[in-house]
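An overview of the molecular structure
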Amino acid sequence: MNPFAYEWLRIKTIRSTWVMITISTVLTLAIAIIATLANKGTAGNLDRNWSDIVRVSMTAMTWLFGALLGIFAFGHEYRYGTIRPTLSALPKRRVAALAKFVVPAALFSTVTAISGALGIICARILAGSALTISWSANHLIRTFALTLLQVALWAILGAAIAAITRSQIASIIGLLVWVLLIENLLVLLFTWDALESVKGVRKYLPGAAANSMVGTPDPDVLGWVGGSITFALIAIGFAIVGTELFARRDA
Amino acid sequence: MIEVHNLVKRYGVVTAVNDLSFSVKPGQVTGFLGPNGSGKSTTCRLMVGLDRGPGSTTFDGKRYDQLQAPMKEVGLLLEAKAFHPGRRARDHLRMLCAANSIDQKRADECLEMVGLADVAKRRPKGFSLGMGQRLGLAAALLGDPHTLILDEPSNGLDPQGIQWLREFLRFLASQGRTVFVSSHLLSEMQLLADHVVVIGAGKLLADCTTAEFVARGSKAWIVLRSPSYGSVVDVLRSRGWSVEAQPDGSLHITGAELAAVGDAAHSAGVVIHELAQHRSSLEEAFIELTSDSQQYKTTLPGSPGTGLGGIGFPGLPGGNS
């Protein structure tokens with residue numbers, strides 16, 4: 001059996017994959033260009049400016065597309081009833097699930113790396129001599145690498161949510177509602193004095209942890225190490241639950 | 001050889017498959033029959049582990065999930081139109097080939113085999129049910145498997161397609177392969193299946209050859225038609241046979257051999273216009289056997305409890321013509 005070859009063919013033979021890759025790449029390039037123009041002529045730490053361009057352009061929207069691609073890995077299967085042919089071809093379910101986590105994560109990390117690199121090239125051309133790239137700068141390389149890891153983890157988390165819910169729509173709505181609404185509401189709640197003692201919890205929420213992987217240092221959020229570990233544990237935890245449910249439930 | 005042992009599937013308080021055991025031998029087509037809701041599709045899914053439940057099924061001694069390349073050993077068609085509507089038909093098959101290390105060329109061969117070569121590059125969004133079934137069949141055949149499990153494969157096929165399927169499955173069985181087919185088309189199954197497994201309400205009702213099944217539920221009778229019966233009824237009854245006059249003017253004789261009835265009629269000096277042996281069909285035997293285990297019972301308009309007491313249809317019992 002070759003679940004990875006299957007998943008790769010599955011993912012590359014539907015248009016929605018390429019539509020998402022195209023939109024994500026265009027947005028990354030557009031944001032890189034806008035960020036460059038906004039930073040052009042800015043005095044100060046040049047490496048920091050570059051790091052911000054990389055961070056903003058690569059993370060602004062790619063997390064969402066990474067998560068969507070992950071959701072589609074399981075969501076499409078249930079939506080179109082293809083889960084049965086899939087599991088007829090790949091009856092070892094945990095291995096099939098592993099491919100569904102790994103392939104979208106790897107694909108979208110690669111896409112993000114390419115679109116990020118293209119964004120940097122565009123920015124370099126636009127900025128001319130106003131900015132210089134220093135790839136030896138730790139934070140720039142780290143930001144680039146952590147962005148790829150963050151996108152991969154979002155893809156894994158998206159796939160895990162779809163494996164648990166077995167519904168593409170519920171997964172998309174659930175993810176967006178959590179990240180854009182519930183998590184922000186919780187952060188607001190934690191500003192109340194009555195919740196002072198537990199306000200540290202907000203650092204460990206999925207969106208906050210993911211942001212702190214590539215965000216600027218802030219005493220109220222985790223550092224990049226803590227953010228990476230926390231978000232990885234959240235994504236992997238969901239993936240384990242999703243895999244076990246996927247293995248035990250009826251197809 | 002498929003061996004099914006004690007399969008059970010419960011949905012809450014409903015037992016869809018109840019301790020079901022049977023075996024399917026190679027070299028023949030085995031029909032899998034049962035009324036709607038009797039658990040046929042659930043059984044097929046349980047057999048290959050798509051649904052979870054107690055019991056086990058082995059294919060030449062191995063469970064489905066123990067097969068190294070399952071599509072090369074067991075071909076499955078469990079659902080029509082189980083494909084992404086935006087993925088080209090050929091890509092759908094190539095994807096399945098990739099999972100089991102099957103040569104990608106096989107996708108085109110199988111599309112050709114099921115008559116879908118012309119639409120290989122089309123997205124199956126607009127495929128009819130019959131085309132969807134053909135694509136599903138192509139998927140089942142990709143690995144050139146020695147065992148086929150097909151759930152209602154003739155659904156949506158046109159008459160030519162059904163005939164092709166029948167001949168094709170019989171050909172595969174003649175090669176020594178194991179062919180297990182569920183179907184509602186009993187007249188079709190009578191032509192196709194050498195052996196039948198019949199279930200009702202999730203329980204095994206029969207596991208025998210098709211001929212045995214028909215004979216077991218069979219009401220055999222002889223039809224005798226004559227312009228003038230004279231003393232023949234007395235002659236027939238005197239030999240211990242049951243004779244019933246029919247509304248169409250014929251006689252139905254049971255308990256007799258065809259030749260013996262002909263001889264008796266001749267000895268009574270009766271002119272015969274029709275003398276024929278009749279046996280119940282697979283359909284009649286099936287209906288008789290499964291009448292108690294039918295989940296979705298129907299009524300005819302005009303029958304008690306339908307609320308359509310005044311309505312009748314020409315030609316039906318209780319009709320108004």
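Up top is the structure.
For the structure given in this document, a descriptive report is provided here. (Residues numbered from 1 in each chain as written. Chains lettered and ligands numbered in written order. Predicted model: local features only at pLDDT ≥ 70, side-chain atom pairs only at ≥ 80, totals over all residues. Heavy atoms only, no water.)

Examining the overall build of chain A
When its secondary structure is counted, chain A shows ten helices and zero strands. Counting helices and strands in the order they occur from the N terminus, chain A gives α-α-α-α-α-α-α-α-α-α. Counting across all 251 residues of chain A, residues that qualify as buried make up 52%. As presented, chain A carries roughly 10,700 Å² of accessible surface, and 70% of it is formed by carbon and sulfur atoms. (Helix = DSSP H or I, 4+ residues; strand = E, 2+ residues; numbered from the N terminus. Buried < 20%, exposed > 50% of the residue type's maximum accessible area, 1.4 Å probe, protein only. Areas by Shrake-Rupley, 256 points an atom, 1.4 Å probe, with all protein chains shown as cover.)

Regarding the interface of chain B and chain A
Listed per partner, the contact involves 32 residues of chain B and 27 residues of chain A. In total, chain B and chain A occlude about 2,500 Å² of area from one another, counting both sides; carbon and sulfur atoms represent 55% of this. Our count for the chain B to chain A interface comes out at two salt bridges. A salt bridge links Lys9(B) to Asp250(A); the nearest nitrogen and oxygen atoms lie 2.8 Å apart. (Contact = heavy atoms within 4.5 Å. Buried area = accessible area lost by both parts, 1.4 Å probe. Salt bridge = Lys/Arg side-chain N within 4 Å of Asp/Glu carboxyl O.)

Remarks on the packing of aromatic side chains
Any pair of aromatic rings gets described here by the distance separating the centres and the angle formed by the planes. Residue and element names in this part refer to chain A. For the coordinates displayed, the defined rule picks out ten aromatic pairs over all chains. When the centroid spacing of 5.0 Å and the interplanar angle of 50° are considered together, the rings of tryptophan 63 and tryptophan 154 count as tilted. Of the two residues, tryptophan 63 is situated in helix α4 (residues 62-79) and tryptophan 154 in helix α7 (residues 138-165); the sequence distance between them amounts to 91 residues. When its relative accessible area of 14% is taken as the criterion, tryptophan 63 is described as buried. Ring plane angle 50° and centroid distance 5.6 Å describe the contact between phenylalanine 74 and phenylalanine 101, whose orientation is recorded as tilted. With phenylalanine 74 in helix α4 and phenylalanine 101 in helix α6 (residues 93-127), the pair connects residues that are 27 residues apart, well separated along the chain. Accessibility assignment for this pair places phenylalanine 74 and phenylalanine 101 in one class, buried. (Phe/Tyr/Trp six-rings, centres within 6.5 Å; stacked < 30°, edge-to-face > 60°.)

What about the side chain of Arg45(B)?
Within the secondary structure layout, Arg45(B) lies in helix α1 (residues 40-47). Beyond its immediate stretch of four places on either side in the chain, Arg45(B) contacts Arg84(A), Tyr11(B), Leu50(B), Asp51(B) and Leu78(B).

Some thoughts on empty space enclosed by the protein
If you walk through the whole model with that rule in mind, you get four cavities of 30 Å³ or more. Looking at the largest cavity, its volume works out to about 270 Å³. Lining the largest cavity we find 23 residues, and of these Pro85(A), Leu76(B), Leu77(B), Gly136(B) and Ala139(B) sit closest to its centre. Mapped by element, the contributors of at least two residues to the lining of the largest cavity are α5 (83-89) of chain A together with β5 (74-77), α3 (89-99) and α5 (129-141) of chain B. With five residues, α5(B) is the single largest residue contributor to the lining of the largest cavity. Tallied by class, the residues present in the lining of the largest cavity amount to 15 nonpolar, five polar and three charged. Its volume calculated, the second largest cavity comes out at about 50 Å³. By residue class, the composition of the lining of the second largest cavity is one nonpolar, three polar and three charged. (1 Å grid on protein atoms, 1.4 Å probe; cavity = no way out; pocket = protein on both sides within 12 Å on 5 of 7 lines; lining within 4 Å. Points joined across faces, edges and corners; volume = space filled by probe spheres on them. Nonpolar A, V, L, I, M, F, W, Y, C, P; charged D, E, K, R; others polar.)

Considerations on the sheet that holds strand β4 (residues 56-59) of chain B
All names here are of chain B. With antiparallel pairing, three strands are arranged side by side in an open sheet as β2-β1-β4. Across the chains shown, the open sheet's two edge strands, defined by having one partner strand only, are β2 (14-24) and β4. Averaged over all adjacent pairs, the angle separating strand axes in this sheet is 15°, with direction ignored. As paired elements, strand β1 (residues 2-11) and β2 share seven bridges and run antiparallel to each other. Counted as the bridge partner of isoleucine 2 is valine 24 from β2. (Pairing = 2+ DSSP bridges. Axes fitted to C-alpha atoms, helices over the stretch in contact; angles between N-to-C directions.)

Quick notes on a nonpolar patch on the surface
Where nonpolar side chains cluster on the molecular surface, the patch consists of Ile169(A), Ile173(A), Val177(A), Leu180(A), Leu181(A), Ile182(A), Leu185(A) and Leu188(A) and spans about 700 Å² of accessible area. Here Leu185(A) lies in helix α8 (residues 168-189). (Patch = residues over 30% accessible without salt bridge, like charges linked within 9 Å, V, L, I, M, F, W, Y side chains within 5 Å.)

Some details on the nonpolar core
If you look at the biggest cluster of nonpolar residues, it comprises 129 residues, and the most contacted ones within it are Phe74(A), Trp154(A), Phe22(B), Ile149(B), Leu169(B), Phe180(B) and Phe213(B). In terms of residue count, α7(A) provides more of this core than any other element does, 13 residues in total. Residues within four places of Ile149(B) in sequence aside, it is in contact with Ile2(B), Cys44(B), Met47(B), Val48(B), Phe59(B), Val74(B), Gly75(B), Leu76(B), Leu77(B), Leu78(B) and Phe180(B). Val232(B), Ala256(B), Ala264(B) and Ala265(B) belong to the second largest nonpolar core, which has 15 residues in total. (Core = buried A, V, L, I, M, F, W, Y, C linked by side-chain atoms within 4.5 Å.)

Concerning the layout of surface pockets
Residues and elements named next belong to chain A. What the largest pocket holds in volume is close to 470 Å³. Contributing to the lining of the largest pocket are 24 residues, with Gly207, Ala208, Ala210, Asn211 and Ser212 lying nearest its centre. Listing elements by their share of the lining of the largest pocket, those giving two or more residues are α3 (46-59), α7, α8 and α9 (206-214). With six residues, α9 is the largest single contributor of residues to the lining of the largest pocket. Of the residues assigned to the lining of the largest pocket, the class counts are ten nonpolar, eight polar and six charged.

Some words on the environment of Leu186(B)
Residue and element names in this part refer to chain B. The residue leucine 186 is located in helix α7 (residues 186-192) in this model. Its relative accessible area of 7% is what places leucine 186 among the buried residues. Distance from leucine 186 to glutamate 283, taken between C-alpha atoms, is 5.4 Å for residues 97 residues apart in sequence. Those residues in contact with leucine 186 that sit more than four places away from it in its chain are Leu33, Leu282, Glu283 and Phe286.

Points about the sheet that holds strand β11 (residues 242-245) of chain B
All names here are of chain B. Taken in spatial order, the four strands line up as β11-β12-β10-β13 in an open sheet, and their pairing is antiparallel. Lying at the two open borders of the sheet, with one neighbouring strand each, are β11 and β13 (274-278). Taking the axes of each pair of neighbouring strands and ignoring which way they run, one obtains an average angle of 20° across the sheet. For strand β10 (residues 221-225) and strand β12 (residues 251-254), the ladder comprises three bridges, and the chain directions are antiparallel.

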